[in-house]
Structures are given as structure tokens and as C-alpha cells.
Amino acid sequence: MKKFFISLVVTLFTFAVQATEYIIDPNHTNVRFQIDHFATTTNHGGFYNLEGKVEFSPAEKRGVVDISIPIKNINSGSKSFDNHLKSADLFDEEKYPVIRFISTKWHFKGDKVESIDGNLTLMGQTHPITLNATKFNCYQSPILKAEVCGGDFQTQLDRTQWGMNYQVKDGISKQVDLYIQVEAAKK
């Protein structure tokens, strides 16, 4: 048992030393959604000015993403629709002001990030989701003068899993498509 504990401590210390910490760039990070509206049109919106961090070790093929998504930052292009989205009918901002995603496992295909599993906390409930990478890269930013890592991700979720049931019986889809853009600069 003692050998196991020592091995675990060494492994965790090694990962902590090798993983690089990045801070989310709020200007290049957002979560956009689209949902079918009575099989006629598609409603769109997004969350902007997000906060969080990324720890990434390409050599170890590991990472951690922790992103906070404030409901107050929702933007659909319509002030009245934004207010309805923030209401108790949908996101219930007063009771649940922040959505949070924390990764649990990164998947790679060769050296490329393929997907990220994690837990999404929305409306006081936490459920697992998988974000599928459509691209991911690290580069030296000429603007930030720092290494930046990030990518585009997609997923689809069933909003009723988190208790968001508004007008599902009336014909608004329970399936929501999410498109996530994340860039983070080396700390």
C-alpha cells in the first residue's frame, strides 16, 4: 500500500510539472447553440466572455479544461429572447447563474486531440458529455506574445436531461447542438 501511495504521488507530481497551464482568452472563446423551432426555423444564440483555464501536456496526452459560462452573457441577437432565455422557463439565471464544464478525459488520435469527455453542470444538475474536436492546435501568437492552444468542438445534448423541458410537448426540440470555440494563452 505504501508503494502504491508513493507511486501515485510521483505520478501526480510528474503530471503537474509537465502540464502547462493556459488561461482562457475571453475574446476567442464562446459557446454557441442552435435548436429547432417547431420544425420551421432554427433558433441561435451564444455565450461570450467566458472564464476558465486549460492544462495541457501533449507529451503525456493529457489535459484539463475548466470553463465557467455566465448566463448573463447570453446573446441571441434579440434582447427580449435573451431575457426569456434567462428566465425560470429556461436557464433560470437567478437560481443558476453559471454553467460549468470540467473535463474528465482527453482522447487523442495520434498526436491530435480527437474529443474531450467531461461533466456539464447546468441548472444544478451534472451529467457527462463528450466534445468532439473538429480542430485543435497550439501556436505562438504574434498578438499575445505567448503560446496559445485551442480548438473547435461540437456536441449535441438532450436539454431535458438537465430539467429544461420548456415547450418540448409543444414541438420545440429537446436536442440542442453546441459549437464551442476555445483558445487559451500560456500562463
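Going by what an unreviewed UniProt entry lists, the protein is known as Lipid/polyisoprenoid-binding YceI-like domain-containing protein and is assigned to Photorhabdus australis subsp. thailandensis.

K.L.:
Outline the pairing of strand β11 (residues 175–186), listing residues and values.
P.N.:
Here strand β1 (residues 20–24) pairs with β11 via three bridges, running antiparallel. Bridge pairing in β11 links Y22 to K186. Pairing between strand β2 (residues 30–37) and β11: six bridges, direction antiparallel. Looking at β11, one finds that R32 is bridged to Y179. Sheet analysis places strand β10 (residues 146–158) next to β11, joined by eleven bridges and oriented antiparallel. Each bridged residue has a counterpart across the sheet, and for D158 the counterpart in β11 is Q175.

K.L.:
Before we move on, can you summarise the confidence of the model for the protein with the specific residues and values?
P.N.:
Chain-level pLDDT for the protein is 91 on average; 90% of the residues reach the 70-or-more range. Per-element averaging of pLDDT across the protein places helix α1 (residues 2–18) at the bottom with 47 and strand β6 (residues 74–75) at the top with 98.

K.L.:
Which residues make up the nonpolar core, and what values do they have?
P.N.:
Residues F47, V54, F56, F91, I99, W106 and V113 are the most contacted members of the largest nonpolar core, which totals 40 residues. Here the element with the most residues in this core is β11; it accounts for five residues. Ignoring sequence-local partners within four residues, the contact set of V54 consists of T20, E21, Y22, I24, V64, V65, W106, V182 and A184.

K.L.:
Break down the pairing of strand β9 (residues 125–141) for me, citing the residues and quoting the values.
P.N.:
Bridge count for strand β8 (residues 112–122) against β9 is eight bridges, and the pairing is antiparallel. The residue bridging L120 from the neighbouring strand is H127, located in β9. Hairpin connection from β9 to β10: four residues lie between these consecutive antiparallel strands, with K145 at a positive phi of about 55°.

Each value, and the rule that gives it
- Residues numbered from 1 in each chain as written.
- Predicted model: local features only at pLDDT ≥ 70, side-chain atom pairs only at ≥ 80, totals over all residues.
- Heavy atoms only, no water.
- Pairing = 2+ DSSP bridges.
- Helix = DSSP H or I, 4+ residues; strand = E, 2+ residues; numbered from the N terminus.
- pLDDT = per-residue confidence, 0-100.
- Core = buried A, V, L, I, M, F, W, Y, C linked by side-chain atoms within 4.5 Å.
- Buried < 20%, exposed > 50% of the residue type's maximum accessible area, 1.4 Å probe, protein only.
- Contact = heavy atoms within 4.5 Å.

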